[in-house]
Amino acid sequence: MDPGTGRDRDWAWAADQDWLTLERLPAYAPELNPVELLWSAIKTRELANLAGDHLADVADAAESGIHRICSNNQLPWPFLTHTGLTIHPQPPQN
């Protein structure tokens, strides 16, 4: 609980609930965020060494990377798997 935020009462209520489990998460955890992994893949390919003259050049390259990843049914799943998170339905099988 952080007395500086004025939310002590809310935290105390949540901590008293039997059906609720509170987990302390780090303030910044890119390894738990699949979108961070997606951006990493785009930065190492489409945006690597890109020196566009305009912001639109960067936006176009990023969009190209997103389309590359989304056009392959298998490619987005490793980003989620790497985080340890799951989603239903299961990823398509080869």
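Structural data are supplied above this passage.
### Re the side chain of E46
Then, in step 1: In this fold, E46 is placed in the loop between helix 2 (34-43) and helix 3 (55-70).
Then, in step 2: On the accessibility criterion, E46 (16% relative accessible area) is buried.
Then, in step 3: A polar contact of 2.5 Å, which involves the side chain of E46, links it to the side chain of R68.
Then, in step 4: Contact partners of E46, with chain neighbours within four places excluded, come to A41, A61, S64, G65 and R68.

### Focus on helix 2
One turn of the α-helix equals 3.6 residues, which is why residues spaced by three or four share an orientation.
Then, in step 1: Looking at helix 2, one finds that the buried residues are L37, L38 and I42. Seen along its axis, helix 2 keeps its buried residues to an arc of 140°; they face one direction.
Then, in step 2: Residues of helix 2 that are buried sit in contact with helix 3 and helix 4 (77-83).

### Here's the deal with the nonpolar core
As a rule of thumb, nonpolar side chains are buried together in soluble globular proteins.
Then, in step 1: One finds L37, L38, I42, I69 and F79 forming the largest nonpolar core, which totals five residues.
Then, in step 2: Beyond its immediate sequence surroundings of up to four residues, I42 is in contact with L47, A62, G65, I66, R68 and I69.

### Here we look at the packing of aromatic side chains
Then, in step 1: This structure, assessed with the given rule, holds one aromatic pair.
Then, in step 2: On the basis of an interplanar angle of 70° and a centroid distance of 6.5 Å, the ring pair of W13 and W19 is categorised as edge-to-face.
Then, in step 3: Using a relative accessible area of 63% as the deciding quantity, one classes W19 as exposed.

### Focus: the side chain of T83
Then, in step 1: Along the polypeptide, T83 turns up in helix 4.
Then, in step 2: Assessed through its relative accessible area of 11%, T83 is described here as buried.
Then, in step 3: Once residues lying within four places of it in the same chain are set aside, the contact partners of T83 are E31, L32, N33, P34 and L37.

### Some details on the pattern of salt bridges
Then, in step 1: Scanning the model with the defined rule gives one salt bridge in all.
Then, in step 2: R68 is the partner of E46 in a salt bridge, and the nearest nitrogen-oxygen pair spans 2.5 Å. Of the two residues, E46 sits in the loop between helix 2 and helix 3 while R68 sits in helix 3, which places them 22 residues apart along the sequence.

### Focus on a nonpolar patch on the surface
Then, in step 1: A cluster of nonpolar side chains, contributed by V35, W39 and I66, occupies part of the molecular surface with about 240 Å² of accessible area.
Then, in step 2: Its place among the elements puts I66 in helix 3.

### Quick look at helix 3
Then, in step 1: For helix 3, built from 16 residues, the straight-helix expectation of 22 Å at 1.5 Å per residue is met to within 8% by its first-to-last C-alpha distance of 23 Å.
Then, in step 2: Along helix 3, the positions that sit buried rather than exposed are A61, A62, G65 and I69. Looking down the long axis of helix 3, one finds its buried residues gathered within 95° of arc, a one-sided arrangement.
Then, in step 3: In the core, the buried residues of helix 3 are packed alongside helix 2 and helix 4.

Cut-offs used in this document
- Residues numbered from 1 in each chain as written.
- Predicted model: local features only at pLDDT ≥ 70, side-chain atom pairs only at ≥ 80, totals over all residues.
- Heavy atoms only, no water.
- Helix = DSSP H or I, 4+ residues; strand = E, 2+ residues; numbered from the N terminus.
- Buried < 20%, exposed > 50% of the residue type's maximum accessible area, 1.4 Å probe, protein only.
- Polar contact = N/O pair within 3.5 Å; in protein donor to acceptor, adjacent residues only side chain to side chain.
- Contact = heavy atoms within 4.5 Å.
- Arc of directions from axis to C-beta.
- Core = buried A, V, L, I, M, F, W, Y, C linked by side-chain atoms within 4.5 Å.
- Phe/Tyr/Trp six-rings, centres within 6.5 Å; stacked < 30°, edge-to-face > 60°.
- Salt bridge = Lys/Arg side-chain N within 4 Å of Asp/Glu carboxyl O.
- Patch = residues over 30% accessible without salt bridge, like charges linked within 9 Å, V, L, I, M, F, W, Y side chains within 5 Å.
- Areas by Shrake-Rupley, 256 points an atom, 1.4 Å probe, with all protein chains shown as cover.
- Expected span 1.5 Å × (residues − 1).

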